[in-house]
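Understanding the architecture of this molecule
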There are 2 protein chains.
Amino acid sequence: MKPNFTLRLRVFNLNCWGIPYLSKHRADRVKRLGDFLNMESFDLALLEEVGRAEPVWNPGWRWGAAEEAGRGFLPGIFNLLLKVWSEQDFQDLRQKLLPTYPAAHYFRSGIIGSGLCVFSKHPIQEFTQHVFTLNGYPYMIHHGDWFCGKAVGLLVLHLSGLVLNAYVTHLHAEYNRQKDVYLAHRVAQAWELAQFIHHTSKKADMVLLCGDLNLHPKDLGCRLLKEWTGLCDAYLETRDFKGSEEGCTMVPENCYVNRRELEQFPLGIRIDYVLYKAVSGLYISCKTFKTTTGHDPHSGTPLSDHEALMATLCVRHSPPQHTSSPSHGPAERSALISVLREAWTELDQGMAQALWWATITGYVIGLGLLLLALLCALAVGGGIREVVILLWTPSVGLVLGAGAVYLFHVQEAKGLCRARAELQHVLGRAREAQDLSPESQPALQPGRQEGDRAEEQ
Amino acid sequence: MKPNFTLRLRVFNLNCWGIPYLSKHRADRVKRLGDFLNMESFDLALLEEVGRAEPVWNPGWRWGAAEEAGRGFLPGIFNLLLKVWSEQDFQDLRQKLLPTYPAAHYFRSGIIGSGLCVFSKHPIQEFTQHVFTLNGYPYMIHHGDWFCGKAVGLLVLHLSGLVLNAYVTHLHAEYNRQKDVYLAHRVAQAWELAQFIHHTSKKADMVLLCGDLNLHPKDLGCRLLKEWTGLCDAYLETRDFKGSEEGCTMVPENCYVNRRELEQFPLGIRIDYVLYKAVSGLYISCKTFKTTTGHDPHSGTPLSDHEALMATLCVRHSPPQHTSSPSHGPAERSALISVLREAWTELDQGMAQALWWATITGYVIGLGLLLLALLCALAVGGGIREVVILLWTPSVGLVLGAGAVYLFHVQEAKGLCRARAELQHVLGRAREAQDLSPESQPALQPGRQEGDRAEEQ
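Residues numbered from 1 in each chain as written. Chains lettered and ligands numbered in written order. Predicted model: local features only at pLDDT ≥ 70, side-chain atom pairs only at ≥ 80, totals over all residues. Heavy atoms only, no water.

To continue, consider the packing of helix 6 (residues 183-200) of chain A against helix 10 (residues 385-435) of chain A. All names here are of chain A. Contact geometry for helix 6 and helix 10: axes closest at 10 Å, N-to-C directions at 50°. Here helix 10 runs oblique to helix 6, going by the angle between their axes. Judged by the twist between their axes, the crossing of helix 6 over helix 10 is left-handed. Facing Ala184, His185, Ala188, Trp191, Glu192 and Gln195 of helix 6, the residues of helix 10 in contact are Glu412, Leu416, Arg418, Ala419, Glu422, Leu423 and Val426. (Axes fitted to C-alpha atoms, helices over the stretch in contact; angles between N-to-C directions. Helix = DSSP H or I, 4+ residues; strand = E, 2+ residues; numbered from the N terminus. Parallel < 35°, antiparallel > 145°, perpendicular 65-115°, else oblique. Left-handed = near helix turned anticlockwise from the far one by under 90°. Contact = heavy atoms within 4.5 Å.)

What follows covers the packing of aromatic side chains. Residues and elements named next belong to chain A. Counted under the stated rule, the structure contains 34 aromatic pairs over all chains. Consider the rings of Trp17 and Tyr256, whose centres lie 5.1 Å apart with planes at 45°: the pair is tilted. Of this pair, Trp17 sits in the loop between strand 1 (6-15) and helix 1 (26-40) while Tyr256 sits in the loop between strand 10 (241-242) and strand 11 (272-278), and the two are 239 residues apart along the sequence. Comparing Trp17 with Tyr256 shows no difference in burial state: the two are buried. Three or more aromatic residues joined by ring pairs make a cluster, and in this case those are Tyr137, Tyr139, Tyr175, Tyr182 and Phe408. The ring of Tyr256 carries Arg29 above its face, with NZ or CZ at 5.3 Å from the centroid. (Phe/Tyr/Trp six-rings, centres within 6.5 Å; stacked < 30°, edge-to-face > 60°. Buried < 20%, exposed > 50% of the residue type's maximum accessible area, 1.4 Å probe, protein only. Lys NZ or Arg CZ within 6 Å of the ring centre and 35° of its normal.)

Residue and element names in this part refer to chain A. With numbering matched to this structure, UniProt assigns "transmembrane region" (unreviewed entry) to residues 355-380 and 387-408. As a span, residues 355-380 carries 100% helix and 0% strand, and end to end its C-alpha atoms are 37 Å apart. Helix and strand shares over residues 387-408 are 100% and 0% respectively, and the end C-alpha atoms of the span are 31 Å apart. (UniProt positions renumbered as here; feature names shortened; annotations may be inferred.)

Outside of glycine, negative phi angles account for most residues, and trans bonds account for most peptide bonds. At Glu246(A), a residue that is not glycine, the phi angle is positive and equals roughly 55°. Among the residues examined, Glu246(A) registers a relative accessible area of 53% and is labelled exposed. We note that Asn214(B) has phi near 50°; this positive angle belongs to a residue other than glycine. Within the secondary structure, Asn214(B) is located in the loop between strand 8 (206-212) and helix 7 (220-229). Of the residues examined, Asn214(B) reaches a relative accessible area of 9% and is grouped as buried.

Think of a sheet as strands paired side by side through backbone hydrogen bonds, with each pair either parallel or antiparallel. Residues and elements named next belong to chain A. Sheet architecture is open: seven strands sit in the order 3-4-2-1-13-12-10, paired in mixed fashion. Two strands close off the open sheet at either side, each with one partner strand: strand 3 (103-106) and strand 10. Here five bridges tie strand 1 to strand 2 (residues 44-48), and the two strands are oriented parallel to one another. Note on strand 2: the bridge partner recorded for Asn15 is Glu48. Lying over the sheet, helix 1 contacts strand 1, strand 2 and strand 13 (309-317), oriented at roughly 175° with respect to strand 1. (Pairing = 2+ DSSP bridges.)

With that out of the way, let us pick up the pairing of strand 11 of chain A. Two faces, one strand: in a regular strand the side chains alternate between the faces of the sheet. Residues and elements named next belong to chain A. Most of strand 11 is tucked away, with seven of its seven residues classed as buried. The alternating pattern of strand 11 places Asp272, Val274, Tyr276 and Ala278 on one face and Tyr273, Leu275 and Lys277 on the opposite face, and all of these are buried. Sheet topology note: the strand 8 (residues 206-212)/strand 11 ladder contains seven bridges and is antiparallel. Across the sheet, Asp212 pairs through a bridge with Asp272, a residue of strand 11. Pairing geometry for strand 9 (residues 232-233) and strand 11, over two bridges, is antiparallel. The residue of strand 11 that forms the bridge with Cys232 is Tyr276.

Listed below in structure tokens is the structure:
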């Protein structure tokens, strides 16, 4: 690496709103997105909500080798059942972008699919993914997040002798900000995301995270992620910003956005991000940052209900005045401790809620069993036969259904408990570090109650 | 780090066979295990199948803050429903081992729990975990693996200025070696485990993996793990071995072992491992390696149905004749390519099987819907009312049940497809590297069919 070395990295991010049936003008938007990406020729295009195709009969469709081999047991109409989960949009984009972006990957997970994919001008050295432990509830079918298997995807690229770890993610949606039943799950996801980045990027020279976090900049999950990983927000760091007001990524000007949902936020909301950091003697600056503004970059309808983000990052040797890694002074530690404490409380409340549901469903199981016993007694005693016949199967259904929900919430509580234990450990270590810097000791004494408990890891 | 520096690390591993109701003499064995660990004072004790406690009323029992806070909605008998998933054995051991092993962690996951835990003489700097995407089938209740949420746990320790990444894991059990329906899942787990280690240990000086892999040394999953991570097998590396014949970790002498299951293997089987590697100019040797031999180290019944492993590792500066990281010569590359190809085929077959099940359940859904339509027609037409009443709910149950199984197998196919894509990418890169070394080119031409396909990542 030469002393006057500069690496320029142009990055694109978009939540493509590619939900079949629900998303309007999907095919047209995907086509125009492909044209735009080809024209702009970014280094990396990271996309979310891609590849949820319609179950249309298409003999050229390929998902994997099972179909490629043309095995005889997947004939006719039942093939359609599989096609609904295919990644047709991704494959179409892949074909179209191949000359400009020779490397591409779709991160498969869940039932519907994570929707995460990436197109790269540079060869992808390695990739892997981590599916979030908690991701909503299977019985909230109308929200559907559980079926997507939301995840974080990791790509390792080698650029001019430097290792870039690029992450793409999409966290659980927020359906009701006033009464957000998914808050604990989103905080747990933000924590898992931060931990995944923390543990997999230790030898990377540069870290890039793009995606739809479904978190406003001041939200707990966003602060937790930034504080624990040390990632910088490209929108806040750049001096050359062009785009929507306050960098919003869902704006009322966008004709696909439900304006009622943005009533509280007349300018829109900022929930999509380009975050980055450099390690090991390097310094990254965001030269330019652009968003679309609710319209197509050229003409016609917007590319998605979200706005696209375009960042130009410059990587240089770290000048002496910049520390290459996030500093761990008393102020940073204090901010980390504060956000960890907040997250701990949120996860703890989520856990209590999960256990409450487990208890309620426990009662329902008991009730169902009681009903079954009563029906048995009635049948033996020669009671009203029709009533027994009518009620027997619903009662069995009740016990089985409640049993499934009970098990789900036990698993949920374990998942939250796991995240809380990891968080508590980091909190304990941050406090130990803080205790060694005497100037900040007195300020934090009142809030130490959780840390003072015997650590239950 | 001094030039003549030597670090001695004593490691213990045991699958504790702590399944409530099924495992004999559990409480007594856990007690004796605690005594033994205290007496031997290892640096690290990594345990599997711990903490599946009985649902016994115990007012002192603690799982997390929800109970600690004594919230009123978890009274009486329904508390028991939660206690079945508690980690009482782990908590008991933790209390007992606290003076010798001040640091401990239980890796929570799934419904029953991963059963993985660790006791350390040294402070734990960081920990996290990765739950395997595929882990058997929920409807195979009698096998139960799916409910455990099998995982790999990671601990980061700092020892004499060196970073040790210690991993503990437990893969899906093998119930029928002749007709192993879980083979593809176990191969996928071995791959995920290898990938997790690969991506999280890049800056570690030493890597240690202990656990019950449920894989024989020559099994595909075991070879895949070793080839991709470069981990060495302590049993094969040591010059001072004491213990069961051929290092077996399930032996017929053990009174808890079902001898019928070992009929094919008169000496027993080796499925528990201590694996290690050093990076960055270090060299690890296994000074001594011991296993128990089907009896208690002192007296009485064995500690578990598995044998305990005890290894003494010595970490030194790498002498010039040793390469510190696994070498990547043509022979190693060829072995890696061969095992990757084998794993690719196994995952591909697993995927075909998953899609086959998805198709079958698709047919069942269709059949159920047909039956429901028929019943509707009968009801409208004033047919035999009792038949309609009798068959309506079972038909709804059939459709719902088949729907759930269908979704599960779609998810399974996606998971296998994901692992296969990652594997294929590594295979492609290994081949590229091999193509640059001309001496090994001709030998591999015939088997290139998978790699020649358009990479469907």
